[in-house]
Amino acid sequence: IAGITQAPTSQILAAGRRMTLRCTQDMRHNAMYWYRQDLGLGLRLIHYSNTAGTTGKGEVPDGYSVSRANTDDFPLTLASAVPSQTSVYFCASSGGGETDTQYFGPGTRLTVL
Amino acid sequence: GQNIDQPTEMTATEGAIVQINCTYQTSGFNGLFWYQQHAGEAPTFLSYNVLDGLEEKGRFSSFLSRSKGYSYLLLKELQMKDSASYLCAVRDGDYKLSFGAGTTVTVRA
């Protein structure tokens, strides 16, 4: 069981290019999340999905889009990357229950030049 | 918006105890989480509090006071491998997690 996988591990991207970060979980969790982590700012929620077919905006959604066609996959797309989107991106999922704890993938380090 | 404060850095000696404080002001409250994050790695779940009081898990304990908007994470018998960032996160009324910036703990021999 892999848990949550993310791809790529790291990427250097020219400004203006389109990029999709992939996230897949095998825990059959209903909810999935995308965060970015920047030094001194902590993790900030970009978009989330409570269940397949639904998505919602987090704290910092501008410049990003997501889709949730099925339970396992939750890709994050940067339509036209800008340098301020340089960050480490973490995908997470949660399966409900008493604590509804979020579990994180290994992250994607993205640099936009 | 949400406001979650925790110290930026703490240093302690191997075998000692360290207490990481977290204060919060959020729109609604549905639980407080502590995560550990080693450099270059993903956050991993440590503890969860939703009621006032102390939750103990081995060398780690977490305390919550909802009326004071306050929590702490207590790390006992520190080991070198405990050197990491510790993230305080509050689940708000919309069931979304808001994170503090994290406290970097350095354990020295």
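Caption draft 1: Summary view of the sheet that holds strand β1 (residues 4-7) of chain A. All names here are of chain A. Reading across the sheet, the four strands line up as β1-β3-β8-β7 and stay open at both edges, with antiparallel pairing between neighbours. Looking at which strands have only one partner, the edges of the open sheet turn out to be β1 and β7 (64-66). Direction aside, the axes of adjacent strands within the sheet are offset by 20 degrees on average. Sheet topology places strand β3 (residues 19-25) next to strand β8 (residues 76-78); three bridges connect them, and they run antiparallel. Looking at β8, one finds that L21 is bridged to L76.

Caption draft 2: The arrangement of the sheet that holds strand β3 (residues 18-25) of chain B in detail. Residues and elements named next belong to chain B. A sheet is described by the order of its strands in space; here five strands give the open sequence β1-β3-β8-β7-β6, paired in antiparallel fashion. Looking along the sheet, the strands with just one partner apiece sit at the ends: β1 (3-5) and β6 (53-57). With strand direction ignored, the average angle separating the axes of adjacent strands in the sheet is 15 degrees. As judged from the six bridges shared by β3 and strand β8 (residues 70-75), these two strands associate in the antiparallel manner. By the bridge assignment, C22 is partnered in β8 with S71.

Caption draft 3: Summary view of the environment of G56 of chain A. All names here are of chain A. Here G56 is to be found in strand β6 (residues 56-57). G56 sits 15 residues away from T71 along the chain, and the two C-alpha atoms are 15 Å apart. If sequence neighbours within four positions are ignored, G56 has contacts with H47 and Y48.

Caption draft 4: Region of the structure containing the pairing of strand β4 (residues 31-38) of chain A. All names here are of chain A. The buried fraction of β4 is high, at eight of eight residues. Alternating residues of β4 divide into A31, Y33, Y35 and Q37 and M32, W34, R36 and D38, and every residue in both groups is buried. The pairing of β4 with strand β9 (residues 87-94) spans seven bridges and is antiparallel. Its bridge partner being in β9, A31 is matched across the sheet by S94. In this structure, β4 lies alongside strand β5 (residues 42-49), joined through seven bridges in antiparallel fashion.

Rules used in this analysis
- Residues numbered from 1 in each chain as written.
- Chains lettered and ligands numbered in written order.
- Predicted model: local features only at pLDDT ≥ 70, side-chain atom pairs only at ≥ 80, totals over all residues.
- Heavy atoms only, no water.
- Pairing = 2+ DSSP bridges.
- Helix = DSSP H or I, 4+ residues; strand = E, 2+ residues; numbered from the N terminus.
- Axes fitted to C-alpha atoms, helices over the stretch in contact; angles between N-to-C directions.
- Contact = heavy atoms within 4.5 Å.
- Buried < 20%, exposed > 50% of the residue type's maximum accessible area, 1.4 Å probe, protein only.

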